[in-house]
Amino acid sequence: MMRSRFFFNSSVIRQNLRQHGWIGIIYSLVLLFALPLQLFLNDDPNPERRSLDNLFFIGGEIQMLFSVTVPVAAALFLFRYLQAKASSDLWHSLPLRREHLLVSHTVSGLILVLTPVWLTAAVTGIVRTLDGNMYIYSWADVGKWCLTLTVLTLFLFIFSVFVGICTGQSVLQGVVIYVLLALPAVLLMLVNEHFSMYLYGYPAWYGLGGRNDVWSPLLHMIYVKTNPFTAGYLWLYSALSVLLFALSFLLYRKRHGEKAGQAIAFTYFNPLFKAGVMLCAMLLSGTYFAHLRYQQLGWIIAGHLIGALVGYIAAEMLIRKTWLILTRKASLEFAAYAALLGLVLYVPVSGLTGYEKRVPAADKVEGVFASDNYSTYDAYWNNAHPFTDKVNPFIKDKDYVEAVRMLHQAMTSARPRPQGGEYREFYLTYKLDNGRTLNRSYQVPVAGFEPELRTVMESQGYKSTLYRLFQLDKEIEGIRFSHYNKALIISNPQEVNELKEILKREIMNMSYEDQMGGQRSYSSIQIIGKPDPDYPYFSDYEWKHSFSELTEWLEQRGYADKIRITPADVKSAEIIPNEYAGRFSGNDRYDPERHLELARTENRLAAVQDAAAIKDILDRGRYYTNSEGGYLVKLEFKEGRRDYITLREEDLTPAIQAFLP
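Bear in mind the structure is a predicted one, so any value in this text is a computation, not a measurement.

Some thoughts on the sheet that holds strand β12 (residues 622-623)
(1) Moving on: The 5 strands are arranged β11-β10-β13-β14-β12 in an open sheet whose pairing can be described as antiparallel. Each of the sheet's edge strands pairs with one partner strand only, and the pair in question is β11 (606-608) and β12.
(2) Moving on: Strand direction decides the pairing type here: strand β10 (residues 570-577) and β11, joined by 3 bridges, are antiparallel. Following the sheet pairing, E574 is matched in β11 by A607.

Here we look at a nonpolar patch on the surface
(1) Moving on: A surface patch of nonpolar side chains, about 520 Å² in accessible area, is lined by L309, I313, M317, W323 and L324.
(2) Moving on: Mapped onto the secondary structure, L309 falls in helix α12 (residues 297-320).

Considering the packing of aromatic side chains
(1) Moving on: Counted under the stated rule, the structure contains 22 aromatic pairs.
(2) Moving on: For the ring pair F155 and Y237, a centre distance of 4.9 Å and an interplane angle of 55° mean the geometry is tilted. Placement of F155 in helix α7 (residues 139-166) and of Y237 in helix α10 (residues 231-254) is noted, with a sequence separation of 82 residues between them. The residues F155 and Y237 share a single accessibility class, namely buried.
(3) Moving on: Where F229 meets Y237, the ring centres are 6.0 Å apart and the plane angle is 65°; that geometry is what we call edge-to-face.
(4) Moving on: The buried category is assigned to Y237, whose relative accessible area is 4%.
(5) Moving on: Members of the aromatic cluster, joined through ring pairs, are F155, F159, F229, Y233 and Y237.
(6) Moving on: Across from the ring centre of Y355, 3.7 Å away, lies the NZ or CZ of R440, which sits over that ring.

What to know about the confidence of the model for the protein
Predicted coordinates in regions of low pLDDT should not be interpreted in detail.
(1) Moving on: Mean pLDDT for the protein: 85, with 92% of residues reaching 70 or above.
(2) Moving on: Every residue in residues 383-387 scores below 50 in pLDDT, and together they form 11 contacts with partners more than four places removed in sequence or on other chains.

Description of the pairing of β10
(1) Moving on: Across the 8 residues of β10, 7 count as buried, placing the element largely inside the fold.
(2) Moving on: Alignment of β10 against strand β13 (residues 631-637), held across 7 bridges, turns out to be antiparallel. Its bridge partner lying in β13, A573 is registered against L635.

Remarks on the sheet that holds strand β7 (residues 486-490)
Backbone-to-backbone hydrogen bonds pair the strands of a sheet. The strands run either parallel or antiparallel.
(1) Moving on: Pairing is antiparallel in the open sheet, where 4 strands are placed in the order β7-β6-β8-β9. The open sheet has two edge strands with one neighbour each: β7 and β9 (540-544). Put simply, the sheet's adjacent strands are angled 25° from each other on average, direction ignored.
(2) Moving on: Looking at chain direction, strand β8 (residues 521-529) and β9 are connected through 5 bridges and run antiparallel. Residue S524 lies in a different strand from β9, and its bridge partner there is E542.

Observations regarding unusual backbone geometry
(1) Moving on: Even without glycine at this site, R468 takes up a positive phi of about 45°.
(2) Moving on: The topology assignment puts R468 in the loop between α16 (460-466) and β6 (476-483).
(3) Moving on: Its identity is not glycine, yet N603 carries a phi of approximately 60°, on the positive side.
(4) Moving on: The residue N603 is located in the loop between α21 (592-601) and β11 in this model.

Focus on the pairing of strand β14 (residues 642-647)
(1) Moving on: Burial analysis of β14 places 5 of its 6 residues in the buried class, the great majority of the element.
(2) Moving on: Note that β13 and β14 share 6 bridges and pair antiparallel. Within the sheet, the bridge partner assigned to L632 lies in β14 and is T646.
(3) Moving on: In this structure, the hairpin formed by β13 and β14 is closed by a connection of 4 residues, where G640 is found at a positive phi of approximately 110°.

Regarding the pattern of salt bridges
(1) Moving on: Scanning the entire structure with this criterion turns up 34 salt bridges.
(2) Moving on: Two residues, R600 and E574, come together in a salt bridge whose shortest N-O distance is 3.4 Å. A residue pair is termed long-range when its members are at least 10 positions apart, and R600 in helix α21 and E574 in strand β10 qualify at 26 residues.
(3) Moving on: On the basis of relative accessible area, R600 is assigned to the partly exposed category, the value being 37%.
(4) Moving on: Look at E574 and you get buried, because its relative accessible area is 16%.
(5) Moving on: One salt bridge connects R642 with E593, and the closest N-O pair in it is separated by 3.4 Å. Of this pair, R642 sits in strand β14 while E593 sits in helix α21, and the two are 49 residues apart along the sequence.

Calculation notes
- Per-chain numbering applies: the sequence of each chain, read as written, is numbered from 1 onward.
- Local features in a predicted model are, by the rule used here, given only for residues with pLDDT of at least 70; side-chain atom pairs are given and counted only at 80 or more, and totals for whole chains, interfaces and linings are based on all residues.
- To get the side-chain values, all heavy atoms of the structure are used, and hydrogens and water are removed first.
- Any two strands with at least two DSSP bridges between them are considered paired.
- Every helix listed is a DSSP run of H or I at least four residues long, and every strand listed is a run of E at least two residues long, numbered separately from the N terminus.
- Patch building starts from residues that exceed 30% relative accessible area and form no salt bridge, then joins like charges within 9 Å and nonpolar side chains (Val, Leu, Ile, Met, Phe, Trp, Tyr) within 5 Å.
- All accessible-area figures derive from a Shrake-Rupley calculation using a 1.4 Å probe, and residue coverage is judged against the displayed protein chains alone.
- By definition, a salt bridge exists where a carboxyl oxygen of Asp or Glu is found within 4 Å of a side-chain nitrogen of Lys or Arg.
- Only rings of Phe, Tyr and Trp enter the pairing, Trp through its six-membered ring, and a pair is recorded when the two centres are within 6.5 Å. The plane angle decides the type: under 30 degrees is stacked, over 60 is edge-to-face, the rest tilted.
- Remark: exposure states derive from per-residue accessible area (1.4 Å probe, protein chains only) relative to the maximum for the residue type, with buried under 20%, exposed over 50%, and partly exposed in between.
- Think of it as a cone above the ring: NZ of Lys or CZ of Arg counts as a charge over the ring if it is within 6 Å of the ring centre and within 35 degrees of the ring normal.
- pLDDT is defined as a per-residue confidence score from the predictor, taking values between 0 and 100.
- Contacts were defined at the residue level, with two residues in contact if any of their heavy atoms lie within 4.5 Å.
- For helices, the fitted line uses only the C-alpha atoms of the stretch in contact; every axis is such a line through C-alpha atoms, and the angle between N-to-C directions lies from 0 to 180 degrees.

Here it is in structure tokens:
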């Protein structure tokens, strides 16, 4: 009586365990092999015990491979009777209500897929202190592993049961399960690509593109080692499991037995199925043709139409189980779906939303972030990444906020698109007074936007953000200068502290030209920080030619010539006018050696041996670019390497001019 009241039928459960018990046995053996056994296997002849961040690092790939397949397989086998008419009629002719069948089969499945998880956790905990165990972990780590896999297994099994009740074919059920598990991440990726192509200023790096894997249970499980499930996700999947089982309970009572063998068991799901397939096909096809034909409008429209047609035909053939789908009604239905989905894709990227012109008012902005390097501050929005700067990147200075707003306003008004020439990438993020953020991304051409760029780039807030000067306030063990085969580490605490302060002043004093001129640095500067497991990386800086105070400090202590290249290191220097790129095609256009060869045949190449001229070249040289103008210099060093730099007219000293061709 009690069992009947609670929808259990022990006979059904015993029958399921006898018939499908092999699933639980195989799953147990696999998990025992993937976790407890691996703790004792090591090919290192002199092994040392190691600590673990989580137990998914042990045989994680094998664990996840079977964890994402066994619960689904269990649901397919246990509810196989729903997808075949003979077995469906047999089971539904038994003196059992459908609620009893659903609960009994579900309980059977959970016994098969959860018992191996709990057994493996118990064994893993028991062998924790045994000799030969190569890893250090606690019972709490075992508990986290067990809880995570229990919740995920429960969710996958219940989700598979829900899909099985909504479909009428086992093969389709399996395909739909994995498609739906991966669909959130794939759909977000396609939508992100759609927005980034048609919304000016849309930040593809942040919008819908960041951390896509967490939106898909399937992808999240694959990357569980480096991106573990937090308590929030476990609560979410637990709640979804309860919700899906409740829906399964309701839908199973209404499912008709004759739907066995049909693609979709409930006709009111057909429009949603067709629209979903068409939307994905339209996004995929439209994006493909837009990239293939450089966003030409005709190809974009054709791409979306082709995708819509392919998606509609595929969905119709699956639903009707025939390829003979061409009817007048189908044509009208396709036109209606295509028009509706076209609007769904067009409206968000049209001017109707005002997205592209939206610049927040100054009095609504609490702080602003502007930089060409967003990823280092990613932790502010996503704490899942362990090695990012955990600092508030927003600058509250009103003048800086206004400077960024002016640059943003200029971009929304002019809407320039990079078409050659020099440009700079900017990520803009506003922290608004309502707690929300507004994000934009632009490629700002230098030509025509110098006033706005100069105001932003010479601001203290911009430099402190871009160069992450807060790192220079941390404890530092040493500072390493290096340039090719020259290197020097300064570790004297007093000198390190002096260098930190000088470097901060030099960076804060950099002009717009210092940042945009492309001047080569004397050397790179690496910060050697104290060992920190939470943040093992530090930024690199440059010893720029404009850093006069730093140069003087290094020269006074005799360090400078141990780091930077001097004329004594140079074997020869050759100068030609930098105007040959346009006379070549293909890869030769980007080959400075070919330019030098042509200049030599025209007697426009000058060889420089004078030490003073070479020193001026080393002090004023800029990074080589393919842009014409100025002079191209080839440097050959005594160590055997060669380098190419450029000089502008303003870089020419009398010593250099004396050798110009």
